[in-house]
Amino acid sequence: VQQVLDRLYPEPPMPLNHTDPFTLLCAVLLSAQTTDGKVNEVTTELFARAPTPRALAAMSHSDVLSIIRTVGLAPTKARHLIATAQQLCERFGGAVPRTMEELQTLPGVGRKTASVVMSGAFGVPAFPVDTHIHRLALRWRLSRSETNVERVEHDLRALWPPAAYGRLHLQFIYFGREYCQARNHMPSRCPVCSWADNPLPTSAPIAAARSKAHHAQQQQQRQRPQPASPDDIPQLLLESPRKLSKTSVLYGERVAELARGGAAARLIMSATV
Ligand code: SF4
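Conventions adopted
- Residues numbered from 1 in each chain as written.
- Predicted model: local features only at pLDDT ≥ 70, side-chain atom pairs only at ≥ 80, totals over all residues.
- Heavy atoms only, no water.
- Helix = DSSP H or I, 4+ residues; strand = E, 2+ residues; numbered from the N terminus.
- Buried < 20%, exposed > 50% of the residue type's maximum accessible area, 1.4 Å probe, protein only.
- Contact = heavy atoms within 4.5 Å.
- Areas by Shrake-Rupley, 256 points an atom, 1.4 Å probe, with all protein chains shown as cover.
- Core = buried A, V, L, I, M, F, W, Y, C linked by side-chain atoms within 4.5 Å.
- Near = heavy atom within 4 Å.
- Nonpolar A, V, L, I, M, F, W, Y, C, P; charged D, E, K, R; others polar.
- Axes fitted to C-alpha atoms, helices over the stretch in contact; angles between N-to-C directions.
- Left-handed = near helix turned anticlockwise from the far one by under 90°.
- Salt bridge = Lys/Arg side-chain N within 4 Å of Asp/Glu carboxyl O.
- Expected span 1.5 Å × (residues − 1).
- Phe/Tyr/Trp six-rings, centres within 6.5 Å; stacked < 30°, edge-to-face > 60°.
- Polar contact = N/O pair within 3.5 Å; in protein donor to acceptor, adjacent residues only side chain to side chain.

Peer 1: Is there a simple way to explain the overall build of the protein chain in this structure?
Peer 2: A tally of helices and strands in the protein chain yields 17 helices and zero strands. Counting over 273 residues, the protein chain shows a buried share of 39%. Here the contacts in the protein chain between residues at least 6 apart in sequence split such that 52% fall between residues at least 24 apart. Summing over all exposed atoms, the protein chain offers an accessible surface of approximately 15700 Å²; the carbon and sulfur share of this is 54%.

Peer 1: Explain the nonpolar core to me, please; I cannot follow it from the model alone.
Peer 2: Most often, soluble globular proteins keep nonpolar side chains buried together rather than apart. Counting 39 residues, the largest nonpolar core has L46, L56, V64, I68 and L81 as its most contacted members. The set of elements that each furnish at least two residues to this core consists of α2 (21-30), α3 (36-49), α4 (53-57), α5 (61-68), α6 (74-92), α7 (100-103) and α8 (111-122). Among residues more than four places away in sequence, those in contact with L81 are C26, L29, L30, L46, L56, V64 and I68. Counting residues in hydrophobic clusters, the runner-up holds 21 residues, among them V129, W160, A164 and C180.

Peer 1: Just to check I follow, could you spell out the site of the ligand for this structure?
Peer 2: As a matter of local geometry, the ligand sits amid R139, W140, F175, Y179, C180, H185, P187, C190 and C193. For the shell around the ligand, the per-class residue count stands at seven nonpolar, one polar and one charged.

Peer 1: For this particular structure, what's the right way to read the packing of α2 against α8?
Peer 2: For any two helices packed against each other, one specifies the crossing angle of their axes together with the interaxial distance. Across the interface, α2 lies against α8 with an axial gap of 10 Å and an inter-helix angle of 150°. Helix-helix and strand crossings are classified by hand; for α2 and α8 the assignment is right-handed. In this structure, α2 contributes P21, L24, L25 and V28 to the contact, and α8 contributes T113, V116, V117, G120, A121 and F122. Of the residues assigned to the contact of α2 with α8, the class counts are eight nonpolar, two polar and no charged.

Peer 1: Would you take a moment to explain the pattern of salt bridges for this structure?
Peer 2: Side chains carrying opposite charge are able to pair once their charged atoms draw close together. Enumeration over the complete set of coordinates arrives at six salt bridges. Between D155 and R151 there is a salt bridge whose closest N-O contact spans 3.0 Å. You can see D155 and its partner R151 sitting in helix α10 (residues 149-159), four residues apart, about one turn around the helix. With a relative accessible area of 16%, D155 lands in the buried category. Between R157 and E153 there is a salt bridge whose closest N-O contact spans 3.3 Å. You can see R157 and its partner E153 sitting in helix α10, four residues apart, about one turn around the helix.

Peer 1: Mind showing me how you'd approach helix α11 (residues 165-178) here?
Peer 2: Owing to its 3.6 residues per turn, the α-helix brings residues three or four apart onto one side. End to end, α11 covers 20 Å across 14 residues, agreeing with the expected 20 Å (1.5 Å per residue, within 8%). Here α11 lies mainly inside the structure; ten of its 14 residues are buried. Elements that come into contact with the buried residues of α11 comprise α1 (2-8), α8, α9 (131-139) and α10.

Peer 1: Looking at this structure, how should I read the packing of aromatic side chains?
Peer 2: Any two aromatic rings considered together are summarised by their centre-to-centre distance and by the angle between their planes. Tallied over the entire structure, the rule returns eight aromatic pairs. Note on F127 and W160: the rings are 6.4 Å apart at their centroids and 45° apart in plane angle, and the pair reads as tilted. Of this pair, F127 sits in the loop between α8 and α9 while W160 is found in the loop between α10 and α11, placing the two residues 33 residues apart along the sequence. Given a relative accessible area of 13%, W160 falls into the buried group. Among the aromatic side chains, those forming a connected cluster through ring pairs are F127, W140, W160, Y165, F172, F175 and Y179.

Peer 1: Mind showing me how you'd approach the side chain of S143 here?
Peer 2: Within the fold, S143 resides in the loop between α9 and α10. Side chain to side chain, S143 and D155 meet in a polar contact 2.6 Å long. Excluding residues that lie within four positions of it along the chain, S143 makes contacts with A137, L138, R151, V152 and D155.

Here it is, written out as structure tokens:
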């Protein structure tokens, strides 16, 4: 999965426009049940009017609502934006806090929003699970929890090193939107599941190489001198001492007899032991 994602999205960009932790927090708060494109449309004006928590906290609900009215759940989001800005000013000196616990005390900020901010703004490894990531994790059998997103997050984090979380989170989202939508997905044309269903295309070169190696091995085997009878042993051992153990198992008694009775055989034994 990671190989396919790396090939499709080598440098996945953060899809929400922002300039600092505060504007990222606002953009993520606006993003629920709305496309990133819509969020980016409204944040252009919102951030021009309110680039800081203090400026946003001073705006009225109707002013914010008039700017963000095209996004889903606009009235609630306008309320959360203003309340969050006020709390940032009152409790955190106008800065966005840097811990999951503190972030989740802000109005409208849940685990997913806090994780995106921790990862996107502060570079702290986090694997926020949204609806796309949850769907992909279930379809790819990376997790089996259909209802508990924290369990899904735990399962995903166990599969990769922390340094990969931020990038994978974005790659999952891009892949989910482009290929693995909730409906009408096309397994036969999908870069991940078509490979998993039918590994022949990618493993064909490996299979060909294996077959070639096997064939060469058989050839080599055929060319090796095989003892025709116990009497051939001394000569064969001289030519190929490495065969002693195998031959001595086959003709143990004869080798011992030769060792007892002849100088040539003793020479062979000392050369090959
Ligand atoms: S076939 Fe593709 S789109 Fe469908 S579940 Fe598999 S990865 Fe997702």
